[in-house]
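Structural features, examined
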Amino acid sequence: MQCSKCSKEAITFIRYNGTYLCRQHFIEFVEKRVRKEIRKQGLPKGNIAVALSGGKDSLVACYLLWKITHKDTTRHIHAITVDEGITGYRDKTIEIAKKFCNEYDIPHHIISFKDEIGFTLDEISRVRKELAECTYCGVFRRYCLNKVAMEIDAKVMAMGHNLDDVAQTILMNFVRSDIERMARMAPHKKVQPGLIPRILPLRTIPEKETTLYAYIKGFDVSEDECPYAIRAMRGIYRDFIMQLEEKHPGSRHSILKSFLEIEDCLRQKYPPANLKPCEICGQPSSEPICMACQLKKKIKERYSEK
């Protein structure tokens, strides 16, 4: 099949807009939308942190930000990788992240749960009880990313969340009636002391397109899934949205568009929380003791009981 824009052979079919694209036009299709999102969300001057797990999405996000800024002397990309301590999984993607950063001469910062929290996620899993590993992981990852971003004086932090991720999060918050959490989703428009605001360059790019882009660019891509994802509720929403998209192409975009239509109203009703330094670690928190320190204490107590 020929590309809808030229006579070259198409490599993919974009179901939600009915176009066939060749290699070059697909690359342009992805990059044009990412540049548009970055302009819309804003990219301040100074150090730009990128959460780089070594997975396909974070690699694509980091590469595109590098491509956009590497000739700009007022902006500098830094990659931050969190080592949760997942045997046989994270060690592979860390090596991919290291190789990528070496190739593009990007400063690479690695922070581990073991060093910061005192336990790996594998160790946390053994005493997790009623909470899934993803609950601990999400809290501790945010803590680690923000800590390093503050240390390198980052003005903003880019996450590799794609359209599928964002649509899932919106739907999850609706179903849980957690509208306040949805109002505080990234990208963040208000800068709060001690909390690095986040942007989502891939917010309008479907997961399959980030995967194809990564392969076209020759990035090392790990096909492994986190072994703890099996207990994550997100999987239910992922499967539902995939089925919905299959029957009604463009559903993910519609979910995002619906959120954007009410975003200003949500942010007006639920303004950012008043944050103060945690009494233990000093990281910004809406409570006297941040959630990371609360969970850390819980883990220590459970291990002391064993």
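Structure: above.
This write-up is about the structure you can find in this document. (Residues numbered from 1 in each chain as written. Predicted model: local features only at pLDDT ≥ 70, side-chain atom pairs only at ≥ 80, totals over all residues. Heavy atoms only, no water.)

**With respect to the overall build of the chain**
Each helix and strand counted, the chain has twelve helices and nine strands in total. Relative to the 2.2 N^0.38 estimate, which gives 19 Å for 306 residues, the radius of gyration of the chain is 20 Å and therefore close to what a compact globule would have. Seen along its three principal axes, the alpha-carbon backbone of the chain occupies a region of about 70 × 45 × 35 Å. Here the chain, with 306 residues, has 49% of them falling under the buried criterion. Accessible area for the chain stands at about 16,000 Å²; split by element, carbon and sulfur atoms hold 51% of it. (Helix = DSSP H or I, 4+ residues; strand = E, 2+ residues; numbered from the N terminus. Rg over C-alpha atoms; globule rule 2.2 N^0.38 Å. Buried < 20%, exposed > 50% of the residue type's maximum accessible area, 1.4 Å probe, protein only. Areas by Shrake-Rupley, 256 points an atom, 1.4 Å probe, with all protein chains shown as cover.)

**Comments concerning a nonpolar patch on the surface**
On the surface, Phe174, Val175 and Ile262 cluster together to form a nonpolar patch covering roughly 260 Å² of accessible area. The residue Phe174 is located in helix H7 (residues 163–175) in this model. Classification of Phe174 by relative accessible area gives partly exposed; the value is 44%. (Patch = residues over 30% accessible without salt bridge, like charges linked within 9 Å, V, L, I, M, F, W, Y side chains within 5 Å. Salt bridge = Lys/Arg side-chain N within 4 Å of Asp/Glu carboxyl O.)

**With respect to the packing of helix H1 (residues 23–41) against helix H9 (residues 207–216)**
A pair of packed helices is captured by two measures, namely the crossing angle of their axes and the spacing between those axes. Between H1 and H9, the shortest axis-to-axis distance is 11 Å and the interhelical angle comes to 125 degrees. The angle between the axes of H1 and H9 places the two elements in the oblique class. Between H1 and H9 lies a crossing of left-handed hand. Only Glu209, Leu212, Tyr213 and Ile216 of H9 make contact with H1, whose side of the interface consists of Arg23, Phe26, Ile27, Phe29, Val30, Glu31 and Arg33. Looking at side-chain class alone, the contact of H1 with H9 contains seven nonpolar, no polar and four charged residues. (Axes fitted to C-alpha atoms, helices over the stretch in contact; angles between N-to-C directions. Parallel < 35°, antiparallel > 145°, perpendicular 65-115°, else oblique. Left-handed = near helix turned anticlockwise from the far one by under 90°. Contact = heavy atoms within 4.5 Å. Nonpolar A, V, L, I, M, F, W, Y, C, P; charged D, E, K, R; others polar.)

**Comments concerning helix H6 (residues 133–151)**
Under the 1.5 Å per step criterion, the end-to-end length of H6 is 27 Å for 19 residues, consistent within 8% with the ideal 27 Å. One or two positions beyond H6, positive phi appears at Asp153, with a value near 60 degrees. (Expected span 1.5 Å × (residues − 1).)

**Some details on a positive patch on the surface**
Together, Lys5, Lys32, Arg35, Lys36 and Arg39 make up a positively charged patch on the protein surface. Turning to its location among the elements, Lys32 is positioned in helix H1. (Lys, Arg positive; Asp, Glu negative; His and termini not counted. Charge placed at Lys NZ, Arg CZ, Asp CG, Glu CD.)

**Here we look at the packing of aromatic side chains**
Within this structure, the stated rule accounts for eleven aromatic pairs. Each ring, one from Tyr63 and one from Tyr213, has its centre 6.4 Å from the other, and the planes form 50 degrees; the classification is tilted. On the criterion of sequence distance, the pair formed by Tyr63 in helix H2 (residues 56–69) and Tyr213 in helix H9 is long-range, its members being 150 residues apart. Linked through ring pairs, Tyr63, Trp66, Phe100, Tyr104, Tyr213 and Phe219 together constitute an aromatic cluster. Lying over the aromatic face of Phe29, Arg33 brings its terminal NZ or CZ to 3.7 Å of the ring centre. (Phe/Tyr/Trp six-rings, centres within 6.5 Å; stacked < 30°, edge-to-face > 60°. Lys NZ or Arg CZ within 6 Å of the ring centre and 35° of its normal.)

**Focus on the layout of surface pockets**
Considering only enclosed or pocket space, the second largest pocket measures out at about 510 Å³ in volume. Mapped by element, the contributors of at least two residues to the lining of the second largest pocket are strand E1 (12–14), H9 and helix H10 (234–247). By residue class, the composition of the lining of the second largest pocket is nine nonpolar, two polar and nine charged. (1 Å grid on protein atoms, 1.4 Å probe; cavity = no way out; pocket = protein on both sides within 12 Å on 5 of 7 lines; lining within 4 Å. Points joined across faces, edges and corners; volume = space filled by probe spheres on them.)

**Considerations on the pairing of strand E5 (residues 108–112)**
The sheet contact formed by strand E4 (residues 75–83) and E5 spans five bridges and is parallel. If you follow Val82 over to E5, its bridge partner there is Ile111. Note that the unit made of E4, helix H3 (residues 90–104) and E5 has a crossover that is right-handed. (Pairing = 2+ DSSP bridges. Right-handed = clockwise from strand over helix to strand, strands pointing away.)

**Some words on the packing of H2 against H3**
The N-to-C vectors of H2 and H3 enclose an angle of 10 degrees; their axes lie 12 Å apart at closest approach. Judged by the angle between their axes, H2 and H3 are roughly parallel. Across the interface between the two elements, Leu59, Cys62, Tyr63 and Trp66 of H2 pack against Ile96, Phe100 and Tyr104 of H3. Broken down by class, the residue content of the contact of H2 with H3 amounts to seven nonpolar, no polar and no charged.

**Some details on the nonpolar core**
Among the nonpolar cores identified, the biggest contains 51 residues, and Ile80, Phe113, Phe140, Met157 and Ile170 are the most heavily contacted of them. With residues near it in sequence (within four places) discarded, Ile170 still touches Met182, Met185, Ile255, Leu256 and Phe259. With 39 residues, the next largest nonpolar core counts Cys3, Ile14, Ile27 and Ile199 among its residues. (Core = buried A, V, L, I, M, F, W, Y, C linked by side-chain atoms within 4.5 Å.)

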